[in-house]
Structures are given as C-alpha cells and as structure tokens.
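Chain by chain, the residues run as shown.
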Amino acid sequence: MHDKPDEPVGRLIEEFLTARATRKPSPHTLAAYRRDLTTVATLVAADDGTTPLPLDRLPVSALSPRVMRAAFARFAAPRAAASVHRAWSTWNSFFTFLVAEGVVPGNPMPAVGRPRTPLHQPKPLRGEDTPEELLAAVAREDGRQRDPWPERDLAVLALALCAGLRLSELLALRVASVAGRPGERRVDVAGKGGRPRTVPIEAGVDRVLADYLDSRRRRFGARSVRPDSPLLVDRRGEPLRRGGLQYLVESCYRRAGIGDRVPRGARLHALRHTFATRLAEDGASAAEIMRLLGHASLASSQTYIEVTAGQQRAAVASNRTNRALAGLVGRREVG
C-alpha cells in the first residue's frame, strides 16, 4: 500500500460513511458522523481565514496534527464537552479507516486533546409507584382518544419498562424478535453499535405482547403479524417512526397525569432508566445490568449502582435515631 496525500477529504468522507453503512447504524448515527466530519473539515479548509476550500479539493495531506488541533480548538469553543468528545471519536475512527486503507501513514488524533465527559446520570421516573400508575392508566381505554389502542400503547411501555429497550431498538423489533418457549420467553434485540443481545421477558410482558398482536390481527388481518413484520405499528398499520413513538410515550404520560414526574429531556429514555434503576435497587450487579441494557462500558452500568447506593445512604442518614445519636456524641465531645 502507498500513501495518497492528494486524495480529497470530501471523497474520503463519503468512502468512510459507505464503509460504516455496512454495520447498519441508525440514520441518526450516520447523520451525526457526516456532520462531525464535514464541520471540522470545513474549519480546516478555512484555516488561513480566506474563502474555505471545497472539501472535494482539500487534500488529506492538509490534516496534520497541528492543523487538527487548531480546528478542534475552534470547533470546541461554542460546544458542550459531550459534542466535542463525540466528534473526536468520529475523527479517530475516520483516520483509523484511512490508515487501514493505506491512504495516510498514521492517525494524528492522539495529538489532539479531547475533554473528559462525565457519565450521564440516570433519569428514571420520579415517585415510588409511578411506573405502576402509568401502566394502569394506559391499560384503560380512554374515551377521549379518537382511535384508542391501549393494547399497543401498553406493549410499548412494557418493553421499555420491563426490558429496558432504547427508542431505536424498539423501532427495529420484528414480530419474530419475541421468541422462546413458554417460561423461557425473550426479546432478541439489535443493540446500539450493532451489538445484539437477548433480554428475558416474564409472563406479564409476554401476555401484554400476545394481547397486542391479537388486537392487531383484528384491526389489520393475519398478514399484518407475519414474523418479518415490524413489531410496533401506528394506527394505520404502518411501521412506527421515531417521532411517532416519542409522541405515543408523551401522550401516555399525559393520560396518566405524571408529566411532572418525568425528568426533563428524558422522554422514553426515562422508562429505560427506570428499568435499570430498579434492577440496581433489587440487587443486580453492574455486570448483569450491562448485559441486559447492552452497555458498551461497565462504567455506564455502574452509575445505577452508585446512584442507588447514594439514595440508600441518604435514607439511612435521614433516620431520626441517627440524628439523635449524632447530637448525643456531639455533646459528649464538647463536654
């Protein structure tokens, strides 16, 4: 292999994105890759302050460690640490691809600083009985809805609350994704980053899903529940989309009257966080949480253990006997 210093960056970005597409990332992920690559490359192309060079004329040889450091410094100025960290990882993957393809001799990204991003804190639903209130409210047919479908809505909530699925994972499910013999039922999940996993489901969730599929047969006919059909559909029988699923969950919150107990910005993810938090509260290890939620890092799963431990310590500290004992010891020390 030989280095290709005159290869245009714009063309190489397209080749990288094509290679990534074979891993079947979500359209949202591919769009984020493209945005991070083109935004930083445009900053490189405008490095001298003149009219930016088009990316299909910017040679890859221009992407030196010094230039990349300067471009990332300008990129980072108005952005949050998490956005800079994500862009750094995208560019690191891009250069790893170029090295493997023999386009460049090395990866300059280790010479470019990146911020440490704090692990996201869990945002479960607030309130001890909130998940149960939500499920009970949604299970009831609401006469105010134009076309109520409580079986479908309950199936969505059950998969998020009792299997911890992400939004993209819910949308990717097929009818055949729910499999296994009675007593050993499971959901086969196409996880983030192409990592498949299996999540066991208990009899209650299995029954909810069976009722939903029965209601779907009545609405749209037996052909609508073929094994390769999308598991979740809208009221017209079409596959649920991202926006439709988010709206469905938010409408369930409104119907249950728990909108004030949903952490800001969490939406459907609050259900996944509730699943993980309850696992930790009931004694699951970080390794078990990692496998069930499909985390790439054990550290992500450990946050649920740490938050739960902190809540337990706060509860113990609020015990009146502890406060009385602390006061008693304090008086003895003064005396």
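Quantities reported herein were computed from a predicted structural model and do not represent experimental measurements. (Residues numbered from 1 in each chain as written. Predicted model: local features only at pLDDT ≥ 70, side-chain atom pairs only at ≥ 80, totals over all residues. Heavy atoms only, no water.)

Caption draft 1: A look at the nonpolar core. Within the largest apolar cluster, 46 residues are counted, with the highest numbers of intra-cluster contacts made by Leu134, Leu170, Val187, Tyr212, Leu231, Tyr253 and Leu271. At the level of secondary structure, the elements contributing two or more residues to this core comprise α5 (130-139), α6 (150-163), α7 (167-172), β2 (186-190), α8 (203-220), α9 (242-256) and α10 (269-281). Of all the elements, α6 adds the most residues to this core, at nine residues. Residue contacts for Leu271: discarding those within four places in its chain leaves Leu125, Leu134, Leu157, Ala160, Leu161, Val249 and Tyr253. Grouped together as the second largest cluster of nonpolar side chains are 32 residues, Phe94, Leu98, Val103 and Val104 included. (Core = buried A, V, L, I, M, F, W, Y, C linked by side-chain atoms within 4.5 Å. Buried < 20%, exposed > 50% of the residue type's maximum accessible area, 1.4 Å probe, protein only. Helix = DSSP H or I, 4+ residues; strand = E, 2+ residues; numbered from the N terminus. Contact = heavy atoms within 4.5 Å.)

Caption draft 2: Layout of a negative patch on the surface. A cluster of acidic side chains, namely Glu128, Asp129, Glu281 and Asp282, defines a negative patch on the protein surface. Looking at where Asp129 falls in the secondary structure, it is placed in the loop between α4 (81-100) and α5. Residue classification places Asp129 among the partly exposed positions, given a relative accessible area of 47%. (Patch = residues over 30% accessible without salt bridge, like charges linked within 9 Å, V, L, I, M, F, W, Y side chains within 5 Å. Areas by Shrake-Rupley, 256 points an atom, 1.4 Å probe, with all protein chains shown as cover. Salt bridge = Lys/Arg side-chain N within 4 Å of Asp/Glu carboxyl O. Lys, Arg positive; Asp, Glu negative; His and termini not counted. Charge placed at Lys NZ, Arg CZ, Asp CG, Glu CD.)

Caption draft 3: Quick peek at the pattern of salt bridges. On inspection of all chains with the given rule, the structure shows 17 salt bridges. Measuring nitrogen to oxygen at the nearest pair gives 2.9 Å for the salt bridge that ties Glu184 to Arg181. When its relative accessible area of 57% is taken as the criterion, Arg181 is described as exposed. Of the charged contacts in the structure, one is a salt bridge between Asp206 and Arg185, with a shortest N-O distance of 3.2 Å. Here Asp206, found in helix α8, pairs with Arg185, found in the loop between β1 (178-179) and β2; they are 21 residues apart in sequence, far enough to count as distant. Taken together, the salt bridges that share partners define one network made up of Arg152, Asp153 and Arg255.

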